[in-house]
Amino acid sequence: MTGDRSTRHVVVMGVSGAGKTTVAQGVAALTGLTFAEADEFHSAANVARMRAGVPLDDAARWPWLRSLAEWMTDRHREGVSTVLACSALRRSYRDVLRQGPPEVDFVHLAGPTEVIRERLALRSGHYMPASLLDSQTATLEPLGPDEQGFVLDLRLSTDALITAAVHQLGLPVTPSHT
Ligand SMILES: Nc1ncnc2c1ncn2[C@@H]1O[C@H](COP(=O)(O)OP(=O)(O)O)[C@@H](O)[C@H]1O
Ligand SMILES: O=C(O)[C@H](O)[C@@H](O)[C@H](O)[C@H](O)COP(=O)(O)O
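Read on for a plain summary of the structure. (Residues numbered from 1 in each chain as written. Chains lettered and ligands numbered in written order. Predicted model: local features only at pLDDT ≥ 70, side-chain atom pairs only at ≥ 80, totals over all residues. Heavy atoms only, no water.)

### Overview of the overall build of the protein
Threshold: Helix and strand labels come from DSSP, where a helix needs a run of H or I of at least four residues and a strand needs a run of E of at least two; each type is numbered from the N terminus. Between the two quantities, the radius of gyration covers C-alpha atoms and the globule rule is 2.2 Å times the number of residues to the power 0.38. Residue burial is assigned from relative accessible area. The probe radius is 1.4 Å, only protein chains are included, and a residue is buried under 20% of its type maximum, exposed over 50%, and partly exposed in between. Note on definitions: a residue-residue contact is assigned when non-hydrogen atoms from the two residues lie within 4.5 Å. Per-residue and other accessible areas follow the Shrake-Rupley method at a 1.4 Å probe size, with only the shown protein chains counted as cover for residues. When charges are counted, neither His nor the chain ends are considered; positive counts come from Lys and Arg and negative counts from Asp and Glu. Here the site of a charge means NZ on Lys, CZ on Arg, CG on Asp, or CD on Glu.
Helix and strand counts for the protein come out as seven helices and five strands. The N-to-C order of helical and strand elements in the protein reads β-α-β-α-α-β-α-β-α-α-β-α. The C-alpha atoms of the protein give 15 Å as radius of gyration, which agrees with the globular expectation for 178 residues (16 Å, within 12%). Its C-alpha atoms give the protein principal-axis dimensions of about 40 × 35 × 30 Å. Counting all 178 residues of the protein, 46% fall into the buried class. Across the protein, every contact between residues at least 6 apart in sequence was considered, and the portion connecting residues at least 24 apart equals 79%. When the accessible surface of the protein is split by element, carbon and sulfur atoms take 54% of a total near 8600 Å². In the protein, which carries 17 positive and 20 negative side-chain charges, the distance between the mean positions of the two groups comes to 2 Å.

Okay, here's the thing in C-alpha cells:
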C-alpha cells in the first residue's frame with residue numbers, strides 16, 4: 001500500500017446482476033463516498049448493442065473504461081473519495097481503471113451463476129438482457145493475488161455485503177450513521 005490514503009477510490013465489480021449497484025450505493029450511503037454508475041458512462045451505441053443482446057468487445061469497452069478512470073482522477077484532484085459500480089470484468093480493464101487515481105480498491109461480488117440469473121430475471125427497467133450473463137461470466141477474470149481488493153459472496157444479504165465491504169476497506173462510517 002502506498003501514497004496518501006485520505007482520498008479513496010473503490011470499484012464494486014462483477015458480472016451483470018451480481019449486485020454492484022446495490023452494494024456501491026449502500027457503501028456510499030454509509031460512508032459519504034461519491035457514487036457513480038458505470039452503466040451511465042456507456043455511449044448510446046454501446047447501450048443499443050447490449051440492449052440488442054450483443055456483448056461488448058474490447059474496442060467498445062476501452063473508451064468507456066478511460067472515461068471512468070478520468071472521472072475518478074477528476075474527483076481525486078478535488079479530494080473527493082468515490083465508489084463506482086463497474087463490471088471491470090478483465091484484468092486489462094482494471095488496469096485502465098488503475099491508470100486513473102493513485103490507488104483503486106476492487107470489491108468483487110462473486111457467486112453462482114444460477115443465483116445471478118434468477119436476480120436478473122426479477123430485475124426490471126434495465127437495458128441489460130439476462131441472455132448476456134453467459135458472455136459476462138466467460139469474460140470475467142477474478143482478481144489476481146497482486147491486485148488490491150477482495151471477494152465477497154454475493155449470496156449474503158445486501159446489508160451484510162455493505163457492512164463487510166465498509167469494514168474490509170477500513171472506511172470510516174459518517175457520523176449520521178453511527
Ligand atoms: N445481496 C442481494 N441479495 C438479493 N438480491 C440482491 C442482492 N443484491 C442485489 N440484489 C438484486 O439483484 C438485482 C441485481 O442487482 P444490481 O445491484 O442491479 O446488480 P448489478 O449492478 O451488478 O447489475 C436487483 O434487482 C437487486 O435488487
Ligand atoms: O462491459 C460490459 O459488458 C458492460 O459494462 C457490462 O459489464 C455491464 O454490466 C452492463 O453495463 C450492464 O449493467 P449491469 O452490470 O448494471 O447489469
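### Quick word on the pattern of salt bridges
Rule in force here: Basic side-chain nitrogens of Lys or Arg form a salt bridge, by our definition, when they fall within 4 Å of a carboxyl oxygen of Asp or Glu.
Under the definition given, this model contains 14 salt bridges. Put simply, Arg49 and Asp57 hold a salt bridge, and the shortest N to O gap is 3.5 Å. According to the relative accessible area criterion, Asp57 is partly exposed, its value standing at 36%. As a salt-bridge pair, Arg117 and Glu114 come within 3.4 Å of each other at their nearest N and O atoms. In this pair, Arg117 and Glu114 both sit in helix α5 (residues 113-122), three residues apart, roughly one turn of the helix. Taking the relative accessible area as the measure of exposure, Glu114 reaches 47% and is therefore partly exposed. Beyond isolated ion pairs, a larger network of salt bridges with shared partners links Arg91, Arg94, Asp95, Arg98, Asp146 and Glu147.

### Things to note about the layout of surface pockets
Using the following cut-off: Cavities and pockets are found on a 1 Å grid laid over the protein atoms alone: a cavity is a set of points where a 1.4 Å probe fits but cannot escape, a pocket is an open set with protein on both sides within 12 Å along at least five of seven lines, and a lining residue has an atom within 4 Å of such a point. Grid points are joined across faces, edges and corners, and a volume is the space filled by probe spheres set on the points. The residue classification treats Ala, Val, Leu, Ile, Met, Phe, Trp, Tyr, Cys and Pro as nonpolar and Asp, Glu, Lys and Arg as charged. All others, Gly included, are polar.
Quantified by volume, the largest pocket comes out at close to 430 Å³. Taken together, 32 residues make up the lining of the largest pocket; nearest its centre are Ser16, Gly17, Ala18, Lys20 and Arg123. If one sorts the elements of the lining of the largest pocket by residue count, helix α1 (residues 20-31) sits on top with four residues. For the lining of the largest pocket, the class distribution of residues is 15 nonpolar, 11 polar and six charged.

### Concerning unusual backbone geometry
The backbone of Ala88 sits at a positive phi, close to 45°, despite the residue not being glycine. With respect to the helices and strands, Ala88 occurs in the loop between β3 (82-85) and α4 (91-98).

### As for the sheet that holds strand β4 (residues 105-110)
Rule in force here: Here a strand pair is declared whenever DSSP counts at least two bridges between the two strands. The axes used here are C-alpha line fits, helices contributing only the stretch in contact, and every angle between their N-to-C directions lies in the interval 0 to 180 degrees.
The sheet built from five strands is open, its strands ordered β2-β3-β1-β4-β5 with parallel pairing. Either end of the sheet is taken by a strand with one partner, and the two such strands are β2 (34-37) and β5 (149-153). Averaged over all pairs of adjacent strands, the angle between their axes in this sheet comes to 20°, without regard to strand direction. Pairing analysis gives five bridges linking β4 to β5, with the strands arranged parallel. Paired with Ala110 across the bridge in β5 is Asp153. Packed on one face of the sheet, helix α7 (residues 158-169) meets β1 (9-13), β4 and β5 and runs near 160° to β5.

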